[in-house]
Amino acid sequence: MSVTVRQACREDLPDIIAIEEASFSVPWSHQSLAAELDNPVARYYILEKEDGSVAGYADVWLIADEGQLAFIAIHPSARGLGYGEILLRTAMEALFREGCTSFFLEVRQSNAPAQGLYRKLGYEALAVRKDYYSQPVEDACIMHCQKEKYQWLGHSL
Ligand SMILES: CC(C)(COP(=O)(O)OP(=O)(O)OC[C@H]1O[C@@H](n2cnc3c(N)ncnc32)[C@H](O)[C@@H]1OP(=O)(O)O)[C@@H](O)C(=O)NCCC(=O)NCCS
């Protein structure tokens, strides 16, 4: 099935909130998810299926030449189909073209699917933030991806 990645808008918020709440033990609040639409450093993307339904979203920030993955989630029923990779690659490549030279993110130590995706796109573990997450308490792994590493892996911009 072909999919489209586009900018998020206010009408997407009910779908974003539903996926967020199905994906995280401590979801971002409705207000925080909505506020990202007006955040000047944020680039907020939606992955839409052919039938028009929202399968996932991602939000990345560009601060000076540094990118940060704020959040990404795919609907539980649509995982493992390559959508997360399409979404994150689209978001990263747009920022690289805007002058971003590297990306940072935090991820739960136990989140193997997300870490698998990040490693595939060139991220490497940089440091551990002890007890960073709650419900359950868990360390965060800080991961970093250089633009050169991303390209070296064969991903074009
Ligand atoms: C992390 C997430 C966004 C991945 O999205 P997805 O659409 O399921 O992932 P994709 O199908 O695009 O997979 C891309 C790559 O990720 C890795 N991956 C995906 N699912 C995996 C799993 N269950 N175990 C290990 N690696 C996995 C693989 O490297 C995969 O590449 P491959 O298919 O060539 O092996 C999705 O699992 C999700 O929404 N999780 C809940 C929210 C979340 O944890 N967000 C990240 C917070 S830091």
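Quick caveat, the model's predicted, so the values are computed rather than measured. (Residues numbered from 1 in each chain as written. Predicted model: local features only at pLDDT ≥ 70, side-chain atom pairs only at ≥ 80, totals over all residues. Heavy atoms only, no water.)

Undergrad: Describe the site of the ligand, and please don't skip the residues or the numbers.
TA: Near the ligand you find 21 residues, and of these Ile74, Gly82, Gly84, Asn111 and Lys120 are the closest. Residue Gly80 places a main-chain N or O atom 2.8 Å away from an oxygen atom belonging to the ligand. More than half of the atoms belonging to the ligand lie within 2 Å of the grid points that define the largest pocket. Mapped onto the shell around the ligand, the elements with two or more residues apiece are strand S4 (66-74), helix H3 (83-97), strand S5 (102-108) and helix H4 (112-120). It is H4 that contributes the most residues to the shell around the ligand, 7 residues altogether. Each residue belonging to the shell around the ligand can be placed in one class, and the counts come to 12 nonpolar, 5 polar and 4 charged. (Near = heavy atom within 4 Å. Polar contact = N/O pair within 3.5 Å; in protein donor to acceptor, adjacent residues only side chain to side chain. 1 Å grid on protein atoms, 1.4 Å probe; cavity = no way out; pocket = protein on both sides within 12 Å on 5 of 7 lines; lining within 4 Å. Sits in = over half its atoms within 2 Å of the grid points. Helix = DSSP H or I, 4+ residues; strand = E, 2+ residues; numbered from the N terminus. Nonpolar A, V, L, I, M, F, W, Y, C, P; charged D, E, K, R; others polar.)

Undergrad: I'd like a description of H4, backed by residues and values.
TA: When H4 is considered as a whole, its buried residues turn out to be Ala114, Gln115, Leu117 and Tyr118. Viewed along the axis of H4, the buried residues span an arc of 160°, placing them on a single side of the element. Looking at H4, the residues exposed on the side facing more than 90 degrees away from the buried face are Ala112 and Pro113. Residues of H4 that are buried make contact with S4, H3, S5 and strand S7 (138-146). Two or three places before Ala114, at the opening of H4, Asn111 has a side-chain oxygen 3.2 Å from that residue's backbone nitrogen. Once H4 ends, the next one or two residues include Gly122, with phi positive near 105°. (Buried < 20%, exposed > 50% of the residue type's maximum accessible area, 1.4 Å probe, protein only. Arc of directions from axis to C-beta. Contact = heavy atoms within 4.5 Å.)

Undergrad: Lay out the layout of surface pockets with the relevant residues and their values.
TA: The calculated volume of the largest pocket comes to roughly 1100 Å³. Looking at the lining of the largest pocket, the element that brings in the most residues is S4, giving 7 residues. Residue composition of the lining of the largest pocket, by class: 20 nonpolar, 9 polar and 5 charged. (Points joined across faces, edges and corners; volume = space filled by probe spheres on them.)

Undergrad: Break down the pairing of S5 for me, with residues and values.
TA: If a strand is regular, its side chains alternate between the two faces of the sheet. Where burial is concerned, most of S5 is hidden: 5 out of the 7 residues are buried. The sheet contact formed by S4 and S5 spans 3 bridges and is parallel. Bridging from a neighbouring strand, Gln68 pairs with Phe104 of S5. Since S4 and S5 lie parallel, the crossover through H3 that links them has a hand, and here it is right-handed. (Pairing = 2+ DSSP bridges. Right-handed = clockwise from strand over helix to strand, strands pointing away.)

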